[in-house]
Amino acid sequence: MVDDYGGVFGAFPYAFRHSESWVFKLYVLVGALASGIVSLFVVFGLVVLIGQTAAVPGGALTLSRSFYILVGLFLVAPLVAPVLFVARRHRRTGSDRRYDLSLALTGFVFLVSIYVGLVISVPTNLQTAPQPFTLGPVTISALVPVVELLYDLPPLYGLVPPTACALLVYAVHRVLR
């Protein structure tokens, strides 16, 4: 059989084709879309930053441009890590549905943690009052106190959920490999 892995970009179709877990296959699609969107945001943000600071000499601004790239790397790497781990495992030892499912779930948890981190880091002047979620005849108001709690946290705490969940992705890989 020909090895059709082909590196980082080839890992997504490879892992999708070789996994037996439908949840993992869903994560491959969602993770690819999310990492593409995050990458675009980082690239466009970097372009805007360079455009706004083009006339200013280097120094601290060069550091802030590098920081954009570093933040993008810290967001995209845990998004693609479950796919890369599963593709590598399938190439070396074969399929394991439990491993695939576990990494897919940690990948989804990481996606949620990015959202939670963003909610925590919303500046006070941009925060809106949380409203109950209505889905047809059902109203869900349990999330209102959660959003209020997240708004009350210091913005720097927004780094905690994604960092913890990125470590969780790696820990699950290490434990189940």
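Residues numbered from 1 in each chain as written. Predicted model: local features only at pLDDT ≥ 70, side-chain atom pairs only at ≥ 80, totals over all residues. Heavy atoms only, no water.

Some words on the pattern of salt bridges
Piece 1. Applying the stated criterion to the full structure yields one salt bridge.
Piece 2. Taking the shortest distance from any N to any O, the salt bridge between Arg 89 and Asp 96 comes out at 3.2 Å.
Piece 3. Note on Asp 96: relative accessible area 25%, which makes it partly exposed. (Salt bridge = Lys/Arg side-chain N within 4 Å of Asp/Glu carboxyl O. Buried < 20%, exposed > 50% of the residue type's maximum accessible area, 1.4 Å probe, protein only.)

Quick notes on the environment of Ile 37
Piece 1. Position of Ile 37 among the secondary structure elements: in helix α2 (residues 22–52).
Piece 2. The class for Ile 37 is partly exposed, based on a relative accessible area of 40%. (Helix = DSSP H or I, 4+ residues; strand = E, 2+ residues; numbered from the N terminus.)

Remarks on helix α6 (residues 160–176)
Residues three or four positions apart in an α-helix share a direction because the helix packs 3.6 residues into each turn.
Piece 1. For α6, spanning 17 residues, the distance from its first C-alpha to its last is 24 Å, which sits close to the expected 24 Å at 1.5 Å a residue.
Piece 2. Three or more residues of α6 are buried, namely Pro 161, Pro 162, Cys 165, Val 169, Val 172, His 173 and Leu 176. Projected onto a plane normal to the axis of α6, the buried residues spread over an arc of 115° and lie on a single side. Exposed residues pointing more than 90 degrees away from the buried face of α6 are listed as Val 160, Leu 167 and Val 175. (Expected span 1.5 Å × (residues − 1). Arc of directions from axis to C-beta.)

A look at the side chain of Arg 89
Piece 1. Among the secondary structure elements, Arg 89 is positioned in helix α3 (residues 60–92).
Piece 2. Among the polar contacts listed, one links the side chain of Arg 89 to the side chain of Asp 96, at a separation of 3.2 Å.
Piece 3. Not counting the four nearest positions on each side in its chain, Arg 89 is found in contact with Gly 94, Asp 96, Tyr 99, Leu 176 and Arg 177. (Polar contact = N/O pair within 3.5 Å; in protein donor to acceptor, adjacent residues only side chain to side chain. Contact = heavy atoms within 4.5 Å.)

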